[in-house]
Amino acid sequence: MKILVSDPVSEQGVAILREQFEVDVKTNLPAEELIRIIPEYDALVVRSETKVTKAVIAVAERLKVIGRAGVGVDNIDVEAATQKGIVVLNAPEGNTVAATEHTMAMMLSMARNIPQGHAGMREGKWLRSKLMGVELRGKTLGIIGLGRIGGGVAKRSLAMEMKVIAYDPFISAEQAENMGIELVELADIFPRADFITLHMPLTPETKNLLNKESFAKMKPSVRLINCARGGIINEADLAQALTDGIVAGAAVDVFAKEPVEADNPLLKAPNIILTPHLGASTAEAQVGVAVDVAHGIIAVLKGEPISTAVNMAPLQSHVLEVIKPYFNLAEKMGCLAIHLADGRINAVDVEYNGDIGEVDTKMLTTAVIKGLLGSILTEHVNYVNAPFIAKSRGIKVREVRSKEKANFADLITVKVHTDKHLHTVSGTLFGKEEGRIVTIDGYRVDVDPKGWLLIGPHYNRPGIIGKVGTILGADGININSMQVGKTDVEGTSIMVMGVDSDVPASVLLKIKAVDGILDSKLINFSGM
Ligand code: NAD
Ligand code: MLT
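Residues numbered from 1 in each chain as written. Chains lettered and ligands numbered in written order. Predicted model: local features only at pLDDT ≥ 70, side-chain atom pairs only at ≥ 80, totals over all residues. Heavy atoms only, no water.

K.L.:
Could you clarify how one ought to interpret the packing of aromatic side chains in this entry?
P.N.:
Pairs of aromatic rings are described using the distance from one ring centre to the other and the angle between the two planes. Under the definition given, this model contains one aromatic pair. Both rings, one in Phe 327 and one in Tyr 383, keep their centres 5.8 Å apart while their planes meet at 75°; by these two values the pair is edge-to-face. Here Tyr 383 lies in the loop between helix H15 (362-374) and helix H16 (386-392) and Phe 327 lies in helix H14 (residues 327-340), a separation of 56 residues in the sequence. (Phe/Tyr/Trp six-rings, centres within 6.5 Å; stacked < 30°, edge-to-face > 60°. Helix = DSSP H or I, 4+ residues; strand = E, 2+ residues; numbered from the N terminus.)

K.L.:
Is there a simple way to explain the site of ligand 2 in this structure?
P.N.:
Near ligand 2 you find Arg 47, Ser 48, Arg 68, Ala 69, Gly 70, Val 71, Gly 72, Asn 95, Arg 229, His 277 and Ala 280, and these make up its full shell. Here an oxygen atom of ligand 2 and a side-chain polar atom of Arg 68 are 2.8 Å apart. Contact between ligand 2 and Val 71: an oxygen atom at 2.5 Å from a main-chain N or O atom of the residue. When ligand 2 sits alone it has 260 Å² of accessible area, and the protein chains cover 92% of it. (Near = heavy atom within 4 Å. Polar contact = N/O pair within 3.5 Å; in protein donor to acceptor, adjacent residues only side chain to side chain. Areas by Shrake-Rupley, 256 points an atom, 1.4 Å probe, with all protein chains shown as cover.)

K.L.:
When you look at the layout of surface pockets in this model, what are you seeing that I'm missing?
P.N.:
Estimates place the volume of the second largest pocket at around 1000 Å³. Around the second largest pocket sit 39 residues that line it, and Lys 302, Gly 303, Asn 328, Glu 331 and Lys 370 are the ones nearest its centre. Elements with a contribution of two residues or more to the lining of the second largest pocket: helix H12 (283-301), H14, H15 and strand S17 (434-440). Ranked by residues supplied to the lining of the second largest pocket, first place goes to H14 with seven residues. Grouping the constituent residues of the lining of the second largest pocket by class yields 15 nonpolar, twelve polar and twelve charged. (1 Å grid on protein atoms, 1.4 Å probe; cavity = no way out; pocket = protein on both sides within 12 Å on 5 of 7 lines; lining within 4 Å. Points joined across faces, edges and corners; volume = space filled by probe spheres on them. Nonpolar A, V, L, I, M, F, W, Y, C, P; charged D, E, K, R; others polar.)

K.L.:
Sorry if this is basic, but what is going on with the site of ligand 1 here?
P.N.:
Taken together, the neighbourhood of ligand 1 is formed by 26 residues, with Arg 148, Ile 149, Asp 168, Met 200 and Cys 227 sitting nearest. For ligand 1, an oxygen atom lies 3.5 Å from a polar atom in the side chain of Arg 229. Protein burial of ligand 1: of its 870 Å² of free accessible surface, 87% is covered by the chains. By residue class, the composition of the shell around ligand 1 is 14 nonpolar, eight polar and four charged.

K.L.:
Sorry if this is basic, but what is going on with the sheet that holds strand S7 (residues 163-167) here?
P.N.:
Neighbouring strands of a sheet are bound in pairs by backbone hydrogen bonds; such pairs are parallel or else antiparallel. Spatially, S8-S7-S6-S9-S10-S11-S12 is the arrangement adopted by the seven strands of the open sheet, whose pairing is parallel. Each edge of the open sheet is held by one strand with a lone partner, namely strand S8 (182-183) and strand S12 (272-274). Relative to strand S9 (residues 195-198), strand S6 (residues 140-144) is paired through four bridges, and the arrangement is parallel. Bridge assignment links Ile 144 to a residue of S9, and that residue is Leu 198. (Pairing = 2+ DSSP bridges.)

K.L.:
How should I be thinking about the packing of helix H17 (residues 464-474) against helix H18 (residues 505-512) in this particular structure?
P.N.:
Where H17 meets H18, the axes come as close as 10 Å, and the angle between the chain directions of the two elements is 160°. Looking at the two axes, H17 sits roughly antiparallel to H18. With respect to the hand of their crossing, H17 and H18 are arranged in right-handed fashion. Contacts between H17 and H18 involve Val 468, Ile 471 and Leu 472 from the first element and Val 507, Lys 510 and Ile 511 from the second. (Axes fitted to C-alpha atoms, helices over the stretch in contact; angles between N-to-C directions. Parallel < 35°, antiparallel > 145°, perpendicular 65-115°, else oblique. Left-handed = near helix turned anticlockwise from the far one by under 90°. Contact = heavy atoms within 4.5 Å.)

Read these as geometric descriptors, not functional statements.
Structure below.
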């Protein structure tokens with residue numbers, strides 16, 4: 001596997017990747033050069049400079065994962081990546097403190113005219129009487145977007161004795177109240193706030209959210225901070241509002257086009273302080289995001305689930321801890337269930353019983369579907385595209401969770417409904433991570449799903465298992481394990497044989513022809 005790092009990221013992250021994979025660091029690549037070389041790579045690591053466009057993704061035939069060493073993924077065409085089954089992951093926490101502290105630094109610098117004082121002194125000017133500032137204490141701070149960074153800014157601003165109000169449509173008033181913050185509507189922030197700071201992503205809803213109409217509703221003494229994303233504030237409107245005294249000041253770290261072009265109106269606006277997207281630029285944050293992204297990339301390349309993918313069902317890290325040991329089992333159960341099934345698949349039910357039924361199991365269900373579709377389709381199926389492929393093939397996927405225990409502390413049951421039959425497989429963990437199949441179509445078994453397994457339901461008659469053994473032996477196929485599973489219904493059993501190698505179709509036909517054999521299926525778990 002080969003990894004391309006196309007933006008400058010901390011060497012500590014690159015070193016982690018190099019321990020396991022071949023890594024090329026090639027920065028400042030022109031767009032056409034990236035398109036030329038990307039087909040060689042399995043993973044791509046970027047910050048915000050590389051634009052991972054539809055055209056790049058279209059030719060990225062081997063690409064499995066794009067890792068963003070930072071938060072915002074607006075430089076990546078996530079939709080195109082998702083359609084191609086490419087995982088897009090970010091490093092959402094590594095630079096939170098850096099961006100939070102930069103916001104505080106911007107707010108204080110703006111309130112006390114620090115950059116202007118410094119620049120004046122460099123020019124030999126003593127601007128003491130001109131640079132009158134304001135205090136933060138007692139002022140109202142309006143935070144738009146109360147996530148990781150917004151929350152961090154709130155905490156620090158409360159410590160500086162500010163009153164904090166916030167607008168965030170996706171958090172509850174109770175959550176905000178617990179943080180000592182009054183949650184308000186966006187329109188309420190404008191007339192009340194002395195400082196307004198932005199901490200949400202750039203989306204079609206947030207683009208140009210602050211513009212000449214909103215500035216007109218604010219106090220003329222208002223000071224604005226944008227350390228989130230360029231484009232959330234309309235730059236031309238802000239430059240005009242600063243010039244006309246509609247707003248008193250602004251501090252901006254992020255721009256609609258980066259690096260800024262010489263004609264950006266903010267460069268010449270009065271009462272503004274500017275930094276060149278420095279929010280995450282601390283030594284600690286850059287190591288943090290690079291290391292986080294490296295671990296995420298390695299997990300994806302090894303087929304393991306992660307909590308930081310932006311184009312998969314969101315997963316909290318404490319939930320991942322609980323469900324992680326079940327992923328491999330769930331995938332193998334999907335693979336086994338589909339091999340048992342004949343006919344057209346209409347629906348797949350995945351049931352969770354016991355302690356596992358108490359957590360969010362969506363990703364485990366995706367693992368079942370990945371195992372199920374991955375073993376019958378030639379197209380690449382992974383955690384990103386498995387739900388889309390199931391949907392596009394008209395397969396209904398349903399999930400049932402219950403705290404009730406069903407013979408085991410935890411039990412996962414996969415039911416595949418076809419137009420002919422219903423096939424059922426259940427599995428559990430023995431110990432902390434040993435996956436076991438414990439029922440196949442109602443027969444009680446104890447199967448370690450590894451290597452090649454030959455499965456044959458049959459009538460309970462003497463000699464049948466012996467005949468199957470003889471057929472395999474005649475073809476030089478070694479049996480390495482063997483068990484017979486029973487049901488509550490008398491008369492039939494299931495044999496589950498571990499074999500050392502593939503069983504040719506002609507041999508399977510001979511086994512099926514044995515009098516008393518009801519079916520014969522071969523499943524290959526090698527490589528799963
Ligand atoms: P986060 O996901 O933790 O928080 C974002 C918050 O915005 C969420 O609570 C969400 O509910 C809220 N939100 C979404 N849409 C909204 C809307 N229309 N109105 C109001 N709130 C809305 O993200 P974060 O880690 O706190 O990052 C916040 C922003 O800062 C992102 O844009 C990120 O890219 C940017 N960032 C910039 C720098 C930098 O170098 N300047 C560094 C890190 C992050
Ligand atoms: C981010 O979204 O993480 C920041 O903008 C910082 C960066 O681009 O590295």
